2 protein chains.
Amino acid sequence: MTAAIARGQGGDAPARLASALDYAVTPGGARIRPTLLLSVAIACGDDRPGVSDAAAVALELIHCASLVHDDLPCFDDSDLRRGKPTVHRAYSEPLAVLTGDSLIVMGFDVLARAGAADPLRALQLVSALATRTGMPMGICAGQGWESESQINLSAYHRAKTGALFIAATQMGAIAAGYEPEPWEELGARIGEAFQVADDLRDAVCAVEEIGKPVGQDVLHARPNAVKELGVQGAMKRLKDILGGAIASIPSCPGEAMLAEMVRRYAEKMTPGALSAPVASRV
Amino acid sequence: MTAAIARGQGGDAPARLASALDYAVTPGGARIRPTLLLSVAIACGDDRPGVSDAAAVALELIHCASLVHDDLPCFDDSDLRRGKPTVHRAYSEPLAVLTGDSLIVMGFDVLARAGAADPLRALQLVSALATRTGMPMGICAGQGWESESQINLSAYHRAKTGALFIAATQMGAIAAGYEPEPWEELGARIGEAFQVADDLRDAVCAVEEIGKPVGQDVLHARPNAVKELGVQGAMKRLKDILGGAIASIPSCPGEAMLAEMVRRYAEKMTPGALSAPVASRV
């Protein structure tokens, strides 16, 4: 990550945009997507660690880009992100647009640079990342649903929250020489679980008055698992989803390790952990 | 191009963003960058027409994305582009940001899809396109210079106008199996010529009162070849640059054809042709 950003700041780069690139990716959040990607790669043997590292960096760059653009005045109009002013507040709106654009491009550049060792895998990674970033089913599509009067909720959630988790599992598999298709369900289910956990976190935070739900979402009428099912019902839903996630893990050398990882992720989502204040989006 | 956009609109895509993708790329401008790319590919033997076609589409998608973002209220705040309302006027600002993002991603996706036939060339294309799009020396950097108080003019022009012409010549070469480095100068010089021709066009249009110079550029104090050198001086400058461009053409089977193409491009820039009203940016 640091190396990619440093390259982006090199040569005759304009200084403020160069600085904004670094600002947008530090401090990192939980880095949950690249961690998942690397876990899958390791479970699949990780025979090209240079390629899987590049894939993890590329995915996180795209995620950071999406946060910068989502925070813009025309979307969430957020003032704060990860405890500091958002990029458009700290730099300017033009520089926030350009920072997002540059980070998207950098994601693909990182994959191309790591590709010499295995051009075919690198190309598959470019394709998987593009599919889960752009239209018709990437995070751009997810955000695009918020401009529709009639929303296809399943397509919306799958694109908005699920897409980069699907990218994580599929890119981890590709980086280690596995076919991506069987890994889609694991990513989709972890994405769903993440969404329900987010709803639970908001609800618990509100009840205990530790913090207000962030509620910046443009889509005010967006469904919420806690509202639909109650806290206990949502907890059960989360458990079911994660059970399904474990069951969906494709056959690979590190299958048991991956299942254990998902189980630990589930434990983190218990009410005890939920009562601690957590950033709403990582 | 049409196939790529149709793919982006497929499946469960949100309808308005899907429609905006098509709106942003039609009607096309002069398509000067993909035409240059294909001319170089043909001059180099064009042994993989599927790859060079994909490269041309990818380059034009990135160019269209840059126009959509440049037109945004926080940059040029333009109402019209190619004779119709800009994307943010016709759809909305959020959809314009997402259209630009989606078209950038689509550019890289097109290259990955065409890559099966020759993964190494496809990866080189991803890398060349990323370099000329993002930071530190792509069109994002060019736009980023406009947020600086002290501008490195040569870096600014090379990135803002030159970058996608350099991408055109280098990607044409790569698509046909040639090394990209020797092709940088031709792209850079054609980019410079394009800039001077643009200045001339604005000046001649103003003199003959056919149309007002567009003058939307944020950088009000930006240097102009006609202001510096006068119309005759700028004409001579243009001729010199194109002479240099021809001299820089690397050895390849279609060297003479390419030289002829650049010569014709020069002819189009004569005062006679200049007096016709032309869109300021194509």
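Residues numbered from 1 in each chain as written. Chains lettered and ligands numbered in written order. Predicted model: local features only at pLDDT ≥ 70, side-chain atom pairs only at ≥ 80, totals over all residues. Heavy atoms only, no water.

- As annotated in an unreviewed UniProt entry, chain A is Geranylgeranyl diphosphate synthase from Cereibacter changlensis JA139.
- UniProt, in its Function (unreviewed entry) section for chain A, records the words "Catalyzes the condensation of farnesyl diphosphate (FPP) and isopentenyl diphosphate (IPP) to yield geranylgeranyl diphosphate (GGPP) needed for biosynthesis of carotenoids and diterpenes." (UniProt positions renumbered as here; feature names shortened; annotations may be inferred.)

**Quick look at the pattern of salt bridges**
Residues and elements named next belong to chain A.
- This structure, assessed with the given rule, holds 34 salt bridges over all chains.
- K160 is the salt-bridge partner of E146, the closest N and O atoms lying 3.0 Å from each other. On the criterion of sequence distance, the pair formed by E146 in the loop between α8 (139–144) and α9 (153–175) and K160 in helix α9 is long-range, its members being 14 residues apart. The same class applies to E146 as to K160, namely buried.
- The closest approach of N and O atoms between E260 and R263, which form a salt bridge, is 3.3 Å. With E260 and R263 both in helix α12 (residues 255–268), this residue pair falls 3 residues apart, about one helical turn.
- Here R263 falls in the partly exposed class, since its relative accessible area comes to 41%.
- One continuous salt-bridge network, built from bridges that share partners, spans D47, R48, D118 and R121. (Salt bridge = Lys/Arg side-chain N within 4 Å of Asp/Glu carboxyl O. Helix = DSSP H or I, 4+ residues; strand = E, 2+ residues; numbered from the N terminus. Buried < 20%, exposed > 50% of the residue type's maximum accessible area, 1.4 Å probe, protein only.)

**Remarks on the interface of chain B and chain A**
- With 50 residues of chain B in contact, the opposing surface of chain A contributes 50 residues.
- For the chain B and chain A pair, buried surface summed over both sides reaches about 4,200 Å², with 74% attributable to carbon and sulfur atoms.
- When the buried area of chain B at its contact with chain A is split by residue, V105, L123 and M135 of chain B rank highest and sum to 16% of it.
- Taken together, chain B and chain A are joined by 0 salt bridges.
- In this assembly, chain B and chain A are joined by 8 residue pairs in polar contact (both at pLDDT 80 or more).
- Breaking the side of chain B that touches chain A down by element, the ones donating at least two residues are α1 (2–8), α2 (15–25), α6 (93–114), α7 (119–133) and α8 (139–144) of chain B.
- Broken down by element, the residue count for the side of chain B that touches chain A peaks at 12 residues, all from α6 of chain B. (Contact = heavy atoms within 4.5 Å. Buried area = accessible area lost by both parts, 1.4 Å probe. Polar contact = N/O pair within 3.5 Å; in protein donor to acceptor, adjacent residues only side chain to side chain.)

**Some words on α7 of chain B**
All names here are of chain B.
- Along its 15 residues, α7 runs 21 Å from first to last C-alpha, staying within 8% of the 21 Å computed at 1.5 Å per residue.
- In terms of burial, α7 is a largely internal element, 11 of the 15 residues being buried.
- Among the residues making up α7, those that are buried are P119, R121, A122, L123, L125, V126, A128, L129, A130, R132 and T133. (Expected span 1.5 Å × (residues − 1).)

**Some points on the relation of the copies chain B and chain A**
- By a simple turn and slide, chain B fits onto chain A: the slide is 0.0 Å along the axis, the RMSD is 0.0 Å, and the turn is 180°. Given the turn and translation reported, the copies of this chain are related as if by a two-fold rotation axis. Rotation axis and chain B: the residue whose C-alpha lies nearest the axis is P119 of chain B, separated from it by 2.8 Å. (Least-squares fit on C-alpha atoms with pLDDT ≥ 70 in both.)

**As for unusual backbone geometry**
All names here are of chain A.
- In the segment running from T26 into P27, the intervening peptide bond is cis, with an omega of -10°.
- Counting through the fold element by element, P27 comes out in the loop between α2 (15–25) and α3 (32–43).
- A positive phi angle, near 50°, is found at D77, a position not held by glycine.
- Within the element layout of this structure, D77 appears in the loop between α4 (49–70) and β1 (80–81).

**Quick notes on the environment of Q195 of chain A**
- Looking at the element boundaries, Q195 of chain A is found in helix α10 (residues 184–207).
- You can call Q195 of chain A buried: its relative accessible area is 13%.

**What about the packing of aromatic side chains?**
- Throughout the structure, instances matching the rule amount to 5 aromatic pairs over all chains.
- Aromatic side chains F108 of chain A and F108 of chain B sit 4.9 Å apart centroid to centroid with 10° between the ring planes, which places their arrangement in the stacked category. Residue F108 of chain A is located in helix α6 (residues 93–113), and its partner F108 of chain B is located in helix α6; the two belong to separate chains.
- Measuring from centroid to centroid gives 5.0 Å for F165 of chain A and F194 of chain A, while their planes differ by 45°, and the two rings are tilted. In this pair, F165 of chain A sits in helix α9 while F194 of chain A sits in helix α10, placing the two residues 29 residues apart along the sequence. Accessibility classification places F165 of chain A together with F194 of chain A in one group, the buried group.
- A cation over an aromatic ring shows up here: K84 of chain B above the ring of Y23 of chain B, its NZ or CZ 3.6 Å from the ring centre. (Phe/Tyr/Trp six-rings, centres within 6.5 Å; stacked < 30°, edge-to-face > 60°. Lys NZ or Arg CZ within 6 Å of the ring centre and 35° of its normal.)

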